[in-house]
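Summary of the model geometry
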Amino acid sequence: MKIDVKHVAKLANLSLSSKEEKKFEKQLEETLEYIEGLNEVKTRNVEPTSQITGLENITREDTAKPSLSQNDALSNAKSTYNGFFKIKAILGE
Amino acid sequence: MKLNNLTIKQAKIGLKKKDFSSSELTKACFDQIKKLEGKLNAFVTITEKEALEQARKADKIISSGQDLPLLGIPLAIKDNFSTEGIKTTASSKVLETYVPPYDATVVKKLKEAGMVLLGKTNMDAWAHGSSTETSDFGPTRNPWNINHLPGGSSGGSAAAVAADDVIAAIGSETAGSIRQPASWCGVVGLKPTYGRVSRYGVIAMGSSLDSPGPITKTVEDSALILEVLAGKDEKDATNSPLPVGNYSQKLNKNMKELKIGISKEYFINGIDKEVEGEIERAIKELEKFGAKIEHIKLFDPKYAIDVYTIIQRSEVSSNLARYDGIRYGSARQNFGEEAKRRIMFGTYALSSGYYDQYYNKAQQVRTVIIDDFNKAFEKVDVIIAPTSPSLALPVGATKDVSMFGEIADVLVEPSSIAGLAGINIPVGFSKSGLPIGMQIIGPQFSEELVLSVAYEYEKLTQSKEWRKLKPNL
């Protein structure tokens, strides 16, 4: 199995060095090979499990409650402006 | 008796009788931490000033005659639990300067129970590993032999408890991260059922698996902490509404009423011979105490490595997507190699066209594993197995091993994948002086049963010579 490491890195929003790309390509292929054993387990008509204790439709009252203040919410941001997170422009002119 | 060597139960009695104060107890812990930290590196952050202040407050409450479950008891918490006003890094450079503006539910409950927080313990970065060697702030060392690893990812918590730096500690387990370091460090580690303890405010790893729990010197202490931690939290929708037991009051169990399942599949190829021997001896002891041993056949745990690798790495890639360096933390290039490797694999497994082949297939085999355990628990009450197939490995063992964590935890992964309750208890030592641990696995929400079996074993083997051993540091 060949993995397009550059494409996956883009999806994962990671910038990898060419050394990392090579290393991960090899290791990811090894991991894919390793987990091939899973195909030995027959799963036709087996339902997948995502919520392990079987809880369903957990809801709560939609009421306003005290939450973080604006100052607290911004307290770890490197860049703020007028009480907002400041980020680099996403769209061009 | 050095105060820092005490268990929670002993410390509570001493505090109540005013044999010593929480301030004295807390200072004794810091003396030990200062003496050993250069060797062990069990902590990321030490909060001495705050702790001494909390201890003084606890002493006031004690003298007023009030009682709380953990009043004045010095604890350490793994550094992936958000602590208001105290740096929380998950041992990653990405969060090196992050100071949470709120407490995880576990932390909030421990504060309400009166604990004194000594500091935040070292771990594999983002909890990705079974060695504490992938911490961006250097590995933690095993107190029993500092050339060996403590296991992980809650390695700092396990080492701190084993070294009597603390009275007890909190860890978290996705698959093995409480039980395996407890095994390698010779302490008690409880992984509660998924959903028994709130995940709110814990830096997420595998959200369908993550289970916070106690790491302690005794089973009784484990029960005491679980009573504080367990219970409904509306901030975690996967948290169970089932009532919480009086775990510490229900530790006695008539061993003659107990059916224990043993599965050959858990004594895997390549298992350390001394580990195998000690577990077999412990099982014989349980039989001597009256328990009925039944040989059962469990689904081969090797498939759990595949299931766990896929589910966990997929969920990791999703959970770590939020770290953009904008709201908190630093940029994504600061992720260490292990985190990048897991993000890359998880992103690939979830990418367009591969979902059915990997994540969905793994979730189907997850159902197969659950059904297999359900069948086993029709025949037996609990299952006993080695926690780790090896003794604590030497420092450096994980270097360039791309699936170290996932493979090392083969024996704890199936029960984690099925969301079961499990506990590691020490059963002896190797000739080289490294601890050996046994796990007791029960059905979901069987904490009371699992703790009581562990407690009976601990009680019935209390006079063994090996129990008197302490790390020589």
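Let me sum up the structure you'll find in this document.

Cut-offs applied
Residues numbered from 1 in each chain as written. Chains lettered and ligands numbered in written order. Predicted model: local features only at pLDDT ≥ 70, side-chain atom pairs only at ≥ 80, totals over all residues. Helix = DSSP H or I, 4+ residues; strand = E, 2+ residues; numbered from the N terminus. Rg over C-alpha atoms; globule rule 2.2 N^0.38 Å. Buried ≥ 20, exposed ≤ 12 C-beta atoms within 10 Å, placed from the backbone. Contact = placed C-beta atoms within 7 Å. Nonpolar A, V, L, I, M, F, W, Y, C, P; charged D, E, K, R; others polar. Pairing = 2+ DSSP bridges. Axes fitted to C-alpha atoms, helices over the stretch in contact; angles between N-to-C directions. Parallel < 35°, antiparallel > 145°, perpendicular 65-115°, else oblique. Left-handed = near helix turned anticlockwise from the far one by under 90°. Core = buried A, V, L, I, M, F, W, Y, C linked by C-beta atoms within 7 Å.

It is worth spelling out the overall build of chain B at this point. When helices and strands are tallied, chain B shows 14 helices and eleven strands. Computed over its C-alpha atoms, the radius of gyration of chain B comes to 21 Å, within 12% of the 23 Å expected for a compact globule of 473 residues. If you line up chain B on its principal axes, its C-alpha atoms span 60 × 60 × 45 Å. In chain B, which comprises 473 residues, the share counted as buried stands at 61%. For chain B, the share of sequence-separated contacts (at least 6 apart) that also reach a separation of at least 24 residues comes to 77%.

With that settled, consider the interface of chain A and chain B. Taken together, the 38 residues of chain A in the interface contact 46 residues of chain B. Elements that contribute at least two residues to the side of chain A that touches chain B include exactly helix H1 (5–11) and helix H2 (18–34) of chain A. Here the residues of the side of chain A that touches chain B are counted per class, giving 21 nonpolar, twelve polar and five charged.

All names here are of chain B. Across the sheet, eleven strands lie side by side as S1-S3-S2-S4-S6-S5-S10-S11-S9-S7-S8; this open sheet has mixed pairing. Two strands lie at the open edges of the sheet, namely strand S1 (43–46) and strand S8 (292–296), each paired on one side alone. Between one strand axis and the next, the sheet turns through 25 degrees on average, direction left out of account. The pairing of strand S5 (residues 188–191) with strand S6 (residues 211–216) spans two bridges and is antiparallel.

Two numbers describe a pair of packed helices, the interaxial angle and the distance between the axes. Residues and elements named next belong to chain B. It is the contact of helix H7 (residues 219–229) with helix H14 (residues 447–460), at a shortest axis distance of 9 Å, that shows an interaxial angle of 160 degrees. Considering the angle they form, H7 stands roughly antiparallel to H14. H7 and H14 meet at a crossing whose hand is left-handed. Listed contacts from H14 to Val219, Glu220, Ser222, Ala223 and Leu226 of H7 are Glu447, Leu451, Ala454, Tyr455 and Glu458. Grouping the constituent residues of the contact of H7 with H14 by class yields six nonpolar, one polar and three charged.

Now for the environment of B:Ala55. All names here are of chain B. Position of Ala55 relative to the elements: it lies in helix H3 (residues 48–63). Overall, Ala55 belongs to the buried group, with 23 C-beta atoms counted inside 10 Å. For the pair formed by Ala55 and Asp356, sequence separation is 301 residues and the distance between their alpha carbons is 54 Å. Discounting chain neighbours no more than four positions away, the residues touching Ala55 are Ser22, Ser23, Thr26, Gly72 and Val116.

With that settled, consider the nonpolar core. A general trend in soluble globular proteins is that nonpolar side chains are found buried together. In terms of nonpolar packing, the biggest core is built from 153 residues, with B:Leu75, B:Val166, B:Ala169, B:Val307 and B:Ala454 touching the most fellow members. Not counting residues up to four positions away in its chain, the partners in contact with B:Val166 are B:Cys29, B:Pro74, B:Leu75, B:Ala76, B:Leu118, B:Ala160 and B:Val161.

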